[in-house]
Structures are given as C-alpha cells and as structure tokens.
Amino acid sequence: MPARSTSFDVAIVGSGFGGAAAALACVRAGLRTVVVERGGWPERDTDDWSPRGILLDQRYRDKVAFESRLYGHGSVRIERPNSVVGGNSVFYGGAAMRLRETDFARWPLDYSELSPYYDEAERILGVHGVAGSDPFDPPRDHPYPHKSIDYSTPARRIHVAAESIGCRPFPLPLAINFTDETEPLCLRCTTCDGFPCKLEAKNDVTRTFLRLAVDEGLTIVAHTRVDRIAVAGRRASRLICVDRAGRAGVEIEADTIVVAAGALQSPALLLRSGLGAHEAVGRYLMRHCNTIVTCLFPFETNPEGTFHKQVCVTDLYEDVRVRDGVAVGVIQDIYTPAPEVMRHYAPRWGRWLINLTHKRLQNLLCVAEDEPRVENAVTLTDRLDEEGLPVIRVTHDYTDADCARNSLLSDRAKDILKAAGGRVPYRHRLDTFSHALGTLRMTTSENDGPVDRTGRLRAADNVYVTDSSVFPTSAGVNPSLTVAANAMRIGEGIARG
Ligand SMILES: Cc1cc2nc3c(=O)[nH]c(=O)nc-3n(C[C@H](O)[C@H](O)[C@H](O)COP(=O)(O)OP(=O)(O)OC[C@H]3O[C@@H](n4cnc5c(N)ncnc54)[C@H](O)[C@@H]3O)c2cc1C
Ligand code: SF4
C-alpha cells in the first residue's frame, strides 16, 4: 500500500515540552505546522490516579522497549518508556525552575537571552511562585503569574525544620492550576508527580502549549511513530512514519523538520536517518544524580493525604562552583509512594515493614548536577525491535564527583528530616531517565556538538532540535521550564527564517 502523504511548512517529531513549545512559536508566526507523536492522548480517567495502573502496570508504556546498562554493570535492563501526547509533561511534578546565570557558563547562549522566554513559558504554564524567595533566583523582569499557595502541614514541617538548621527554604514554583476557577482546579492530592492529572489541573503541555497552538491551527497526528527523516544532501524532505493503529505508512513533507522526541529517542532518530556523523550524536547523556532520602517519624506524617511537593532548598547550589565549575543541586519535598508500589520494589524480606511504617514516612528528593561524559551514550544495536527498527541501547554511569555532589545534598536532606522529628534515615537511588538530557548538545564550536546555538543540526540546513537533548550541561534544577523556554526561542528563530 503506498504511504499517505501530506505537506507542511514545519513538521515536529514529539509532543513533549520541546515539541509543543516550538510548535506554538511556529503557528503563532503563521507557519503550517504538524506535530507527530507516537503515543495516544491521555485517558484522564480513574485509572490515571491508580498507583498500580500507572507505576506498576504502566498503562501508557510504549510497545517498544530499549535496553539500558547502568553503573558500569554488565547486565542489561529492559525499559519501556511512557508514550503519550504531551510526553513526560503529562507525568511530571510541575516544578518549574529557571537555570541560574552561572549555569550557562558552558552554553552557547547566556541567561539574559533566555530570560524573556522564561517569562513567557511561566505565563503559559501558569506558574505559582514567589519572586526573590529563592536565595539563588536569577534576575527576572516579571513576578510569577500567580502567588504560591499556603503550605500544607507536611510541607510546613519541612520548611520549619530547614529554617531551624540555617537553610533558606522557599515555596517551590509549580505549574499547577490552584486558583483559576474558569479552568479545572487542583484538588491537592498525592497522585501528582508520576501520574497524569485526571482533572487536567496540572498545567502539562496538552493543557497549555498544545491547546494554544491548536487554537492557532496546529495539526497533531497521534499514534504515529517517526521511523526516519528522508534526507538528500544537506536537506531533509519528509518524515517517514508508521500509523501505529493501522500499521500503514505515512509520509509528511515539510520545509523544516524539528526533532523533539526526547533525549533518548531524538539521537536514535538521527542515527536511523543517516544524520549521526558528528561524533557527539547520542553522547554526553546526563540524567541528574537523583536520590530520595526517607525518614521514619513517630507520628503519621500526612494523615489528611494532601499535596505537599511545595518546598525547595537551594542553599548548597553554588558550594562547589569555583572548584568544579558545576552546581551542587536542589532538595525538594516529594510524596511517599503508595504502599503497593513500595512493596513491589522492596526486598522480599522487608515487605512486611512497609505496612507498619508507610504512613510514618516523609521524603526529600535530591537533584544533583551530573557531568556530561562521552561514555554515557544512546547507541543503536544491530538487533531489531517489535516494529522492525534497531533496538536502542542506553549506557550510563556517574562520576565520583557526581555522587559526591549528591551526598552533599542527601546529608543536608537527612539533617532537615531529622530536625523535623524523623529517625532512621534511608537513602534510595533513582535509576530512571526522567531527567534525560544532553545527547545532541548545543555548542558554540562545531567540533564540540552537533547542534548550533540556533538549534540547527549542523549536518543539515533545515533540521532543528528543540528538546532536552540540546542541554550541554544539566545544571542542578528540574529541566522542563528551560526545555520550554529554549524551544520557544528556537521556534521563533525558525519562523524568522
Ligand atoms: C515522573 C516525572 C516527573 C518529572 N517532574 C519534573 C518536574 O517536576 N519538573 C521538571 O522540570 N521536570 C520534571 N520531569 C522532567 C520533564 O518532564 C522532562 O525533562 C521534559 O518533559 C522533557 O521534555 P522533552 O520534550 O525533551 O521530551 P519528552 O517529554 O520525552 O517528549 C518526547 C515525545 O516524543 C515522543 N516520541 C519519541 N520518539 C518518537 C518517534 N519516533 N515518533 C514520534 N514521537 C516520538 C514521545 O512519545 C514523547 O511524547 C519529570 C519527568 C518525569 C518522568
Ligand atoms: S495534585 Fe492537583 S494537579 Fe496534581 S494530580 Fe492532584 S488534582 Fe491534579
């Protein structure tokens, strides 16, 4: 059967922060734009708040898995990423933080160039925050669009404890609709980080960038996997795709192609398309060095079962900058996973303990900057996946310095939890690729990275990259707001021609 074919000014692969924000910039400039997404739309039903359905059965997991090799171990893990319109924004925790001026030292642009796009991204995402409350807040031209809401009891406990040991905690900026009664309002539940919001009160990109872009004429083609980009010489002409519902071929012609399939899939797409000649394609993968520190309390920590991902501590952020040239990172309040999820991951001998202790736990998330290393990479194997494409392999390990930065944060997190009344601290390493970054790094020098400061792939005249792949360094804060701001910046550049 011949492939169905359509034609646009701009064709974007992936509908996460990078694809959605670039799409809005393009349609606002009058460009006929399509976003092609391999996943379907979020269901927004009761199962979206089911810990089993989302975290264990993974109802949004993709048909196609990739392999990972972590920490220098020989063993291979099989991972099934979520696929959905909106990408990881649908599952994210809503923390919306800016990189600091110092974080741009190895970027081909500086903070002041991104600042107006941060303003616009915060406005579109409806971020609640308090300007100037973060001791390392970069300069800003506008206050946050909305004030932070009052702390819940568990969040206040962390704030008070952090202050008592000399930290300067502040309300975590959040892209959640707490106050606009014309839109679905947040119920302040605990199935937020890691789950789609059934009510659509989390301001993920389906509620924000994509909705605005569709109003201005954006076409979204869901359930369609882009297999490769057709290239002749230095020009890309079309996306070669498969409609996964009908397994039919689809071809989408466009003057400009935007790659925004996420930091694991974007380099794989370029490698499949013969656009991987630059030696840094797929290399320098970062994912932050993340841990959760847990303490047991002599009382129930959240008897009302309320939302409390509300507090952030940045006091250690610049502590190693002069010596190492990187940030340490941040500490943030985070919910306790459901008991069935904890039992699933606990060692067999420890499962009975979960029932006894679950309600008495409180946790802090530590996000440390990790260094870009050429050895950490996305590559293609010579075996084929269920849909006939080369299986992706992801290799990643941390440096001792990455782990040391995380230890600085974890030790401070333990001190905060102990000051709040917690005992028996336990540190749990996060193995996920939720903060995957850097595999198509944006650099000043052609030798250092495959993407230039305008987001253009150096190997082609009309291919751009707008997602988390372009980060040359990971910085020490959650990445989504920077992905969105940078994608709008690149999208505007595409529109200007
Ligand atoms: C549980 C969780 C919590 C998080 N919490 C936060 C937070 O609180 N704050 C924060 O800043 N960040 C958070 N993050 C990280 C943040 O969500 C990501 O950094 C960000 O969403 C990355 O956006 P992206 O556009 O680069 O990629 P993605 O969101 O991964 O989007 C890529 C899209 O491309 C699609 N795709 C891939 N391959 C193809 C293909 N071949 N054809 C078609 N489509 C394809 C994918 O299905 C996906 O929809 C969290 C992430 C997770 C998983
Ligand atoms: S906390 Fe609010 S935004 Fe998050 S899932 Fe619950 S209702 Fe939705």
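To be clear, the structure that these remarks concern was listed above.
What counts and what doesn't
- Residues numbered from 1 in each chain as written.
- Chains lettered and ligands numbered in written order.
- Predicted model: local features only at pLDDT ≥ 70, side-chain atom pairs only at ≥ 80, totals over all residues.
- Heavy atoms only, no water.
- Helix = DSSP H or I, 4+ residues; strand = E, 2+ residues; numbered from the N terminus.
- Expected span 1.5 Å × (residues − 1).
- Bend = angle between axes of the 7 residues up to and from the residue.
- Buried < 20%, exposed > 50% of the residue type's maximum accessible area, 1.4 Å probe, protein only.
- Contact = heavy atoms within 4.5 Å.
- Pairing = 2+ DSSP bridges.
- Axes fitted to C-alpha atoms, helices over the stretch in contact; angles between N-to-C directions.
- Near = heavy atom within 4 Å.
- Polar contact = N/O pair within 3.5 Å; in protein donor to acceptor, adjacent residues only side chain to side chain.
- Areas by Shrake-Rupley, 256 points an atom, 1.4 Å probe, with all protein chains shown as cover.
- Nonpolar A, V, L, I, M, F, W, Y, C, P; charged D, E, K, R; others polar.
- Patch = residues over 30% accessible without salt bridge, like charges linked within 9 Å, V, L, I, M, F, W, Y side chains within 5 Å.
- Salt bridge = Lys/Arg side-chain N within 4 Å of Asp/Glu carboxyl O.
- Core = buried A, V, L, I, M, F, W, Y, C linked by side-chain atoms within 4.5 Å.
- Phe/Tyr/Trp six-rings, centres within 6.5 Å; stacked < 30°, edge-to-face > 60°.
- Parallel < 35°, antiparallel > 145°, perpendicular 65-115°, else oblique.

Visitor: Provide a residue-level description of helix H3 (residues 111-125), including the pertinent values.
Guide: Between its terminal C-alpha atoms H3 stretches 20 Å, which fits the 21 Å expected from 15 residues at 1.5 Å a residue. The largest bend in H3 comes to about 25°, at Tyr-117. For H3, the complete set of buried residues consists of Tyr-111, Leu-114, Ser-115, Tyr-117, Tyr-118, Asp-119, Ala-121, Glu-122, Ile-124 and Leu-125. Looking at the buried residues of H3, the elements they touch are helix H1 (17-28), helix H5 (209-215) and helix H11 (480-496). Gly-126 lies just past H3 and shows a positive phi near 60°.

Visitor: Give a description of the sheet that holds strand S10 (residues 289-296) that names residues and reports values.
Guide: Pairing in this open sheet of six strands is antiparallel, and the strands run S5-S11-S12-S13-S10-S16 from one edge to the other. Each of the sheet's edge strands pairs with one partner strand only, and the pair in question is strand S5 (170-171) and strand S16 (423-429). Across eight bridges, S10 lies against strand S13 (residues 361-368) in antiparallel orientation. For Leu-296, the partnering residue across the bridge sits in S13 and is Leu-361. On top of the sheet, helix H10 (residues 400-419) reaches S10, strand S11 (311-313), strand S12 (329-334), S13 and S16; it is set at about 150° to S13, its chief contact.

Visitor: Please give an account of the site of ligand 1 that cites residues and values.
Guide: Near ligand 1, the surroundings consist of 37 residues, among which Glu-37, Asn-88, Ala-95, Ser-468 and Ser-480 are the closest. Within the backbone of Gly-18, an N or O atom sits 2.9 Å from an oxygen atom of ligand 1. Taken by itself ligand 1 offers 1000 Å² of open surface, and the protein chains cover 92% of this. Contributing elements (two or more residues each) for the shell around ligand 1: H1, strand S7 (224-232) and helix H6 (265-272). Among the elements that take part in the shell around ligand 1, S7 stands out by supplying three residues, more than any other. By residue class, the composition of the shell around ligand 1 is 11 nonpolar, 19 polar and seven charged.

Visitor: Any details on the site of ligand 2? Residues and values, ideally.
Guide: Around ligand 2, the surrounding shell consists of Trp-49, Ile-176, Cys-186, Leu-187, Arg-188, Cys-189, Thr-191, Cys-192, Cys-197, Ala-201, Lys-202 and Phe-307. Here the shell around ligand 2 is built from residues that sort into nine nonpolar, one polar and two charged.

Visitor: Got a sec to walk through a nonpolar patch on the surface? Specific residues and values, please.
Guide: There is a patch of nonpolar side chains on the surface, built from Trp-349, Trp-352, Leu-353 and Leu-356 and spanning about 520 Å² of accessible area. Structurally, Trp-349 is set in the loop between helix H8 (339-345) and helix H9 (351-357). Residue classification places Trp-349 among the exposed positions, given a relative accessible area of 65%.

Visitor: Outline the nonpolar core, supporting the account with residue identities and numerical values.
Guide: Membership of the largest hydrophobic core comes to 106 residues, with the highest contact counts inside it found for Phe-209, Ile-229, Leu-239, Ile-252 and Ile-257. Ignoring sequence-local partners within four residues, the contact set of Ile-252 consists of Thr-6, Phe-8, Ala-11, Val-34, Val-36, Ser-237, Arg-238, Leu-239 and Cys-241.

Visitor: Please set out the packing of aromatic side chains residue by residue, giving values where relevant.
Guide: For the structure on display, the rule yields 11 aromatic pairs. The interplanar angle of 40° and the centroid separation of 6.3 Å between the aromatic rings of Tyr-71 and Tyr-398 together place this pair among those described as tilted. Taken together, the residues span a long stretch of sequence, with Tyr-71 in the loop between strand S3 (66-70) and strand S4 (77-79) and Tyr-398 in the loop between strand S15 (390-396) and H10 at a distance of 327 residues. Each member of the pair Tyr-71 and Tyr-398 is classed as buried.

Visitor: Residues and numbers for the sheet that holds S4, please.
Guide: Ordered by their spatial adjacency, four strands build an open sheet running S4-S3-S15-S14, and the pairing between neighbours is mixed. With partners counted over all chains shown, the strands left at the sheet margins are S4 and strand S14 (377-384), one partner each. Pairs of neighbouring strands in the sheet enclose a mean axial angle of 35°, with direction left out of account. Examined bridge by bridge, S14 and S15 share five bridges and lie antiparallel to one another.

Visitor: So what about the packing of H1 against H3? Which residues, and what values?
Guide: At a minimum axis separation of 13 Å, H1 and H3 run at an interaxial angle of 100°. Regarding the angle of H1 to H3, the classification is roughly perpendicular. Residues Phe-17, Leu-24 and Arg-28 of H1 form the contact with H3, whose participating residues are Glu-120, Arg-123, Ile-124 and Leu-125. Its residues assigned to classes, the contact of H1 with H3 comprises four nonpolar, no polar and three charged.

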